[in-house]
Amino acid sequence: MLNLTGKNIVLGITGGIAAYKAIILLRQLKAAGAEVQVVITDAAQAFVTPLTLQVLSNHPVHNNLFTPQAQSGIDHIELANWANILLIAPASADFIARIANGLANDLLATLCLATTAPIILAPAMNQNMWLHPATQSNIQILKIRQVQILEPEMGIQACGTVGPGRMLEPEAIMAALASNVTKNTTQDTNRLYSNLDSNLDNLNSNLDNLRPEQSLTNTKVLMTAGPTREPIDPIRYISNRSSGRMGYSLAQALEELGAQVSLISGPCALSVPLSVERLWVETALDMEQAVQTRISDCQIFIATAAVADYRVANPSVQKIKKSLQSSEDTLTLNLIKNPDILAQVASRPNPPFTVGFAAETQDVEAYAKAKLDSKKLSMIAANLVGAGQGFEVTENALLVLWPGGQRNLVKQPKLSLARNLARLIAERYHAQIKS
Ligand SMILES: Cc1cc2nc3c(=O)[nH]c(=O)nc-3n(C[C@H](O)[C@H](O)[C@H](O)COP(=O)(O)O)c2cc1C
């Protein structure tokens, strides 16, 4: 179990329905041994009462910037210095916008500017608010400033819709905290910003060191990523374990090489760099249509999406009721094959440089080679999935094949792997144009 003994945590709570989960989170932080002081916004008080938080934290709850202590200029600075970690859960869209802009118009926002402790945000909001370009751009700004974002999950929302925006459960927030506590025991602002500078320097020097055949300036890339969902009825669907992380990392890596990237994405809760154009789809048929309308003016097509091979032939318009089948122990779904989007693109009269992915549970090389040949792809990136590899993990390894060559990309974090793969794609793309 996570041991937070000796850690001082400021728990910030902003105004959203998920504020009730902050009460459970507070209990878990205390149970792990942390000293916790709670800061709530005015709006948060409409959702949870200061009294509950005061009793559970064993400290007065802070809300007001202008207390008698503050008049001697100490309250918020003392609290900012006291904190080893500033954890804000839930973080509302409004609050995210305020701190992305460096505002200090209430106690919690002021603390974010005044503290040198790591800041961790667990956003929670309606999916349209989360996916709005304004919120996504604020999130990018905060990430650049090394604020840790605990990306919200997909799921049923308080408003009844299904989509990304649900705050992580307290257990998942505690797990993220565990890795932060191990990484950041002595973090201070100087180290934080010097790390940031050196990351940016590394990135810039990597870009400066690009050979011409690794640059994708003036190149249009169309990509697919994430899973598809095939409806059974209005409530249920068939899907798979793809998190979308590999595709999203690759979109970022290609954009870093100068490419103009459009990403057609199935449902997932990941963010993309601002200059990547993203189009949401749900089913394989939606994805096929989106690809068909955009394929003609791209030079590279990369299919990282885990498209469902089959869909339900006749999805029910109404929810399928258990009671109707009460005499039956089984329910039969009639499945029909989905279109093979990758093969469609590769068999066009003038195909773009076409890259496929193969996720296999065995005989990776043989299956990948067969797929490369049968679909006439320009390149295929294959990996072993299952047993803790491939899907829903942060590290991966790839075997990349193309007609007449292959390269092993060893196990590494997905973004680093994506950067190596992006360079290889650029090299092979330029080689194909020359030949
Ligand atoms: C019933 C209700 C639920 C709300 N839920 C959310 C939410 O989940 N996420 C969010 O960003 N805003 C939500 N809002 C809007 C925020 O409360 C509002 O933007 C407020 O200004 C946030 O202030 P704060 O960031 O200072 O706490 C909700 C508002 C109401 C009335």
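Right above here is the structure, for reference.
Source: prediction; values computed, not measured.

A. Region of the structure containing the nonpolar core. Ranked by internal contacts, the top residues of the largest apolar core, which has 60 residues, are Met-223, Leu-250, Ala-251, Leu-254 and Leu-421. With 8 residues, helix α15 (residues 414–434) is the largest single contributor of residues to this core. Setting aside its immediate chain neighbours within four residues, Leu-254 contacts Leu-216, Val-221, Ala-259, Val-261 and Ala-422. In terms of nonpolar packing, the next biggest core, distinct from the first, is built from 53 residues, Ile-85, Ile-99, Ala-124 and Leu-168 among them.

B. Up close: unusual backbone geometry. The peptide bond linking Ala-89 to Pro-90 adopts the cis configuration, its omega dihedral lying at 0 degrees. Mapped onto the elements, Pro-90 comes out in strand β3 (residues 85–91). Not every positive phi belongs to a glycine, and Asn-58 is a case in point at roughly 70 degrees. You can see Asn-58 is positioned in the loop between α2 (50–57) and α3 (68–71). Among the residues examined, Asn-58 registers 10 C-beta atoms within 10 Å and is labelled exposed. The phi dihedral of Asp-363 is positive, around 45 degrees, even though this residue is not glycine. Relative to the elements of secondary structure, Asp-363 occurs in the loop between β16 (353–360) and α14 (364–374). Its 11 C-beta neighbours within 10 Å are what place Asp-363 among the exposed residues.

C. Fine view of the site of the ligand. In the vicinity of the ligand there are 15 residues, among which Thr-14, Gly-15, Gly-16, Ala-43 and Ser-92 approach most closely. Partitioning the shell around the ligand into residue classes produces 9 nonpolar, 5 polar and 1 charged.

D. Seen up close, the packing of helix α5 (residues 93–100) against helix α8 (residues 133–144). Orientation of α5 relative to α8, taken along the N-to-C sense of each, is 50 degrees, at an axis distance of 9 Å. In terms of orientation, α5 lies oblique with respect to α8. Between α5 and α8 lies a crossing of left-handed hand. Note on element contacts: α8 touches α5 through Ala-134, Thr-135, Asn-138, Ile-139, Ile-141 and Leu-142, opposite Ala-93, Ile-96, Ala-97, Ile-99 and Ala-100. Grouping the constituent residues of the contact of α5 with α8 by class yields 9 nonpolar, 2 polar and no charged.

E. How the structure looks around the sheet that holds strand β8 (residues 220–225). Strands sit in the order β12-β11-β8-β13-β16-β17-β18-β19 across an open sheet of 8 strands; the sheet is mixed. Single-partner strands in this sheet number two, and they are β12 (277–280) and β19 (405–413). Across the sheet, the axes of successive neighbouring strands diverge by a mean angle of 15 degrees, strand direction being ignored. Pairing of β8 with strand β13 (residues 300–303), which is carried by 4 bridges, proceeds in the parallel orientation. Its bridge partner lying in β13, Thr-224 is registered against Ala-303. Sitting on the sheet, helix α11 (residues 245–256) is in contact with β8, β11 (260–265), β13 and β18 (395–402), with an inclination near 165 degrees to β8.

F. Structural context of the sheet that holds β3. With respect to topology, 5 strands assemble into an open sheet ordered β2-β1-β3-β4-β5, the strand pairing being parallel. In this open sheet, the two strands that pair with only one neighbour each are β2 (35–40) and β5 (148–149). Sheet topology places strand β4 (residues 119–123) next to β5; 2 bridges connect them, and they run parallel. In the strand pairing of β5, Ile-120 is matched with Gln-148.

G. Representation of α15 within the structure. Here α15 is 21 residues long and its end C-alpha atoms lie 30 Å apart, about the 30 Å a rise of 1.5 Å per residue gives. Considered for burial, the residues of α15 that qualify are Lys-414, Leu-417, Ala-418, Arg-419, Leu-421, Ala-422, Arg-423, Leu-424, Ile-425, Ala-426, Arg-428 and Tyr-429.

Parameters at a glance
Residue indices begin from 1 for each chain and proceed along its sequence in written order. Selection of residues for local features in this predicted model requires a pLDDT of at least 70, selection of side-chain atom pairs for listing and counting requires 80 or more, and totals for whole chains, interfaces and linings are taken over all residues. For this analysis, nonpolar core means a set of buried Ala, Val, Leu, Ile, Met, Phe, Trp, Tyr and Cys residues linked through C-beta atoms within 7 Å. To assign burial, the other C-beta atoms lying within 10 Å of each residue's own C-beta are counted, with C-beta atoms placed from the backbone; 20 or more indicates buried, 12 or fewer indicates exposed, and intermediate counts indicate partly exposed. By definition, any uninterrupted DSSP run of H or I lasting at least four residues is a helix, any uninterrupted run of E lasting at least two residues is a strand, and each is numbered from the N terminus. Each residue gets a C-beta atom placed from its backbone, and two residues are in contact if those atoms lie within 7 Å. Nearness is defined per residue: the C-beta atom, placed using the backbone, must lie within 6 Å of the molecule or strand. Ten residues, namely Ala, Val, Leu, Ile, Met, Phe, Trp, Tyr, Cys and Pro, are considered nonpolar, four, namely Asp, Glu, Lys and Arg, are considered charged, and the remaining ones, Gly among them, are considered polar. Orientation is described by axes fitted as lines to C-alpha atoms, over the contacting stretch for helices, and by angles from 0 to 180 degrees between their N-to-C directions. In this scheme, roughly parallel covers angles under 35 degrees and roughly antiparallel covers those over 145, while 65 to 115 is roughly perpendicular and the rest are oblique. Note on convention: the crossing is left-handed when the near helix lies turned anticlockwise from the far helix by less than a right angle, right-handed when the turn is clockwise. A strand pair is defined by DSSP finding two or more bridges across the two strands. One less than the residue count of a helix, multiplied by 1.5 Å, gives the span that helix is expected to have.

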